[in-house]
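Chains, contacts and geometry: an overview
The primary structure of each chain is shown beneath.
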Amino acid sequence: MFKEKFQEGIISARDFTRDDIEYILAKARKMMTHEKNSELLRGKILATLFFEPSTRTRLSFESAMHRLGGSVIGFSSGDVSSIKKGESIADTIRTVENYSDGIVMRHPLEGAAKMASRFAKVPIINAGSGSGEHPTQALLDLLTITEEGLKLDGLNIGIMGDLKYGRTVHSLAVLLSNYELNVYFISPKELMLRNRDKEFLRQSQIKFKEATQYRDILSILDVLYITRIQRERFADIEEYERVKNFYVFTEEDLAQTKDEFKIMHPLPRINEISPEIDNSHKAIYFKQAFYGIPMRKALLAELLAD
Ligand code: CP
C-alpha cells in the first residue's frame, strides 16, 4: 500500500515503482473530479520549510492543503528561521514535527530530505534538494503528459537544458525509467547528465541518447522538456555566462514539430523559451503549474489523512 510504503514521506523518485506512479496518478485524477474544496484534512497542520526560493512548489502545496481543509505553518526563507543562528537541520526537524503532521522541505543540500526523514516522526516531502531531486515536480510532470493526451509507453521525449544541476530533470528521468520509451538528453557538454545519474538509467535499461543540439531531432519528438540553466549552482559565474544562452526555443522551432507535440518546462523560465509561443496549444508549461495542485492534493491526502 502506498501510504505504508511512503510513511516516511516522499524523498526520491528512485523509491517509486511503476505501480506506485500509476496509483498516485490515478489518485490525482480523482482529485480533479472531486469538489475543489473538502474537509479531508481538517485539523491537520502542514509545515512548509523553504530554505530556497519558490513560487510554484510552496504555494501549490499550501493551496492544496487549504483546499483539503487543513492549515499551514512555515517560512519561505532560511533567513527567518533559527538555522540562521546555527541550528542544525536535525534539530529544526525534531522541533517542527511537534507543531505539524507533515513537513514539506526545500533545501540547498542534495541529501537534506533524506537526512530530515531520519530524524522526523512525521512524513517529509522533498520539495527540492539542491541539485539532486524534485520528486513531486516529476510526478506532476507525468500527470501533465498523460492528461494532455499522450501515453508514457512509446513516448519520444527530449529533456534539454541544465542536466547536471537541474533537480527536476533528475527526478523526471528516474520516473520515466519505469516506462518503455526513448529519452534524448540535450545539453551543452559542460552540463550533461552526471555519471551517477546515467549509471542508474543504464541499470534501469531505459533507452537514452545524449546530444548537444535539438533541431535535428525536433520532428520525431512528442515532448520537449526544457529547463533553465541553474545560475545559483555554478561555482564559477564565468562558466554560467558561457552557457546561459545556449538554447532559445522559438516559433521557427515550433513549426518543425508534429501536431501532437508538447513543450514543457517546470518554470521558472528565464529566456530558454520565447514568450511568442506561450499561447500555442503545444505550450503546456502553465498547465504543469495547474496540475501541481491535484498531484499535491493526492500526495497530502495519501500521507496525512487518518
Ligand atoms: N517548478 C518549481 O519547482 O518551481 P518553484 O521553484 O517556483 O517552486
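Keep in mind that what you see is a predicted model, and the values were worked out from it rather than measured. (Residues numbered from 1 in each chain as written. Predicted model: local features only at pLDDT ≥ 70, side-chain atom pairs only at ≥ 80, totals over all residues. Heavy atoms only, no water.)

1. Considering the sheet that holds strand E6 (residues 156-160)
Defined as follows: Pairs of strands are assigned from DSSP output, requiring at least two bridges between the strands. Only DSSP runs of H or I with at least four residues qualify as helices, and only runs of E with at least two residues qualify as strands; both kinds are numbered from the N terminus onward. To get an axis, fit a line to the C-alpha atoms, keeping to the stretch in contact for a helix; angles then go from 0 to 180 degrees between the N-to-C directions. Contact between two residues is taken to exist if any of their heavy atoms lie within 4.5 Å; hydrogens are not considered.
The strand order across the open sheet built from five strands is E8-E7-E6-E9-E10, with neighbouring strands paired in parallel fashion. Each end of this open sheet is capped by a strand with a single partner; those strands are strand E8 (207-211) and strand E10 (262-264). Across this sheet, the average inter-strand angle for adjacent strands is 20°, counted without regard to direction. The pairing of strand E9 (residues 223-226) with E10 spans three bridges and is parallel. Each bridged residue has a counterpart across the sheet, and for Val223 the counterpart in E10 is Lys262. Of the strands in this sheet, E6, E9 and E10 touch helix H6 (residues 135-147), which is tilted by about 165° from E10.

2. Quick notes on the pairing of strand E5 (residues 124-129)
Two faces belong to every sheet, and in a regular strand the side chains alternate between them. Our working definition: Exposure categories follow from relative accessible area, calculated using a 1.4 Å probe and restricted to protein chains: below 20% of the type maximum is buried, above 50% is exposed, and the middle band is partly exposed. If you view a crossover with the strands going away from you and the path from the first strand over the helix to the second runs clockwise, you call it right-handed.
For E5, the buried fraction is high: six of the six residues fall into the buried class. Pairing between strand E4 (residues 102-107) and E5: four bridges, direction parallel. Each residue of the ladder has a partner; that of His107, found in E5, is Ser129. For the crossover from E4 across helix H5 (residues 112-119) to E5, the handedness is right-handed.

3. Side note on H5
The criterion, for reference: Arc definition: it is the arc formed by the directions from the helix axis to the C-beta atoms.
Restricting attention to buried positions, one finds in H5 the residues Ala112, Ala113, Ala116 and Ser117. When H5 is viewed along its axis, its buried side chains cluster within an angular range of 135° and face the same direction. Against helix H4 (89-96), E4 and E5 lie the buried residues of H5.

4. Here we look at the domain arrangement of the chain
Condition: Throughout the structure description, domain borders are defined by an automatic or database domain assignment. The buried area of a pairing is the accessible area, by a 1.4 Å probe, that goes missing from both parts when the two are put together, added over both. We define a salt bridge as a side-chain nitrogen of Lys or Arg found within 4 Å of a carboxyl oxygen belonging to Asp or Glu. Any N or O atom pair separated by 3.5 Å or less is treated as a polar contact, with the protein-specific requirement of one donor-capable and one acceptor-capable atom, and with residues adjacent in sequence counted only for side-chain atom pairs. Each residue is assigned to one of three groups, with Ala, Val, Leu, Ile, Met, Phe, Trp, Tyr, Cys and Pro labelled nonpolar, Asp, Glu, Lys and Arg labelled charged, and all others, Gly among them, labelled polar.
Split by domain assignment, the chain resolves into domain 1 (2-131 + 292-304) and domain 2 (149-283). Put simply, the middle of domain 1 and the middle of domain 2, counted by C-alpha atoms, are 26 Å apart. Each side of the interface is counted separately: domain 1 has 17 residues, and domain 2 has 19 residues. Taking both partners together, domain 1 and domain 2 bury about 1400 Å²; carbon and sulfur atoms supply 44% of that area. Interface area lost by domain 1 to domain 2 is led by Arg14, Arg18 and Ser131, which between them contribute 43%. Our count for the contact surface shared by domain 1 and domain 2 stands at six salt bridges. The interface formed by domain 1 and domain 2 holds 10 residue pairs in polar contact (both at pLDDT 80 or more) in total. Mapped onto the side of domain 1 that touches domain 2, the elements with two or more residues apiece are helix H2 (18-33), E4 and E5. Element by element, the count of residues in the side of domain 1 that touches domain 2 is highest for H2, at three residues. Residues of the side of domain 1 that touches domain 2, tallied by class, amount to four nonpolar, six polar and seven charged.

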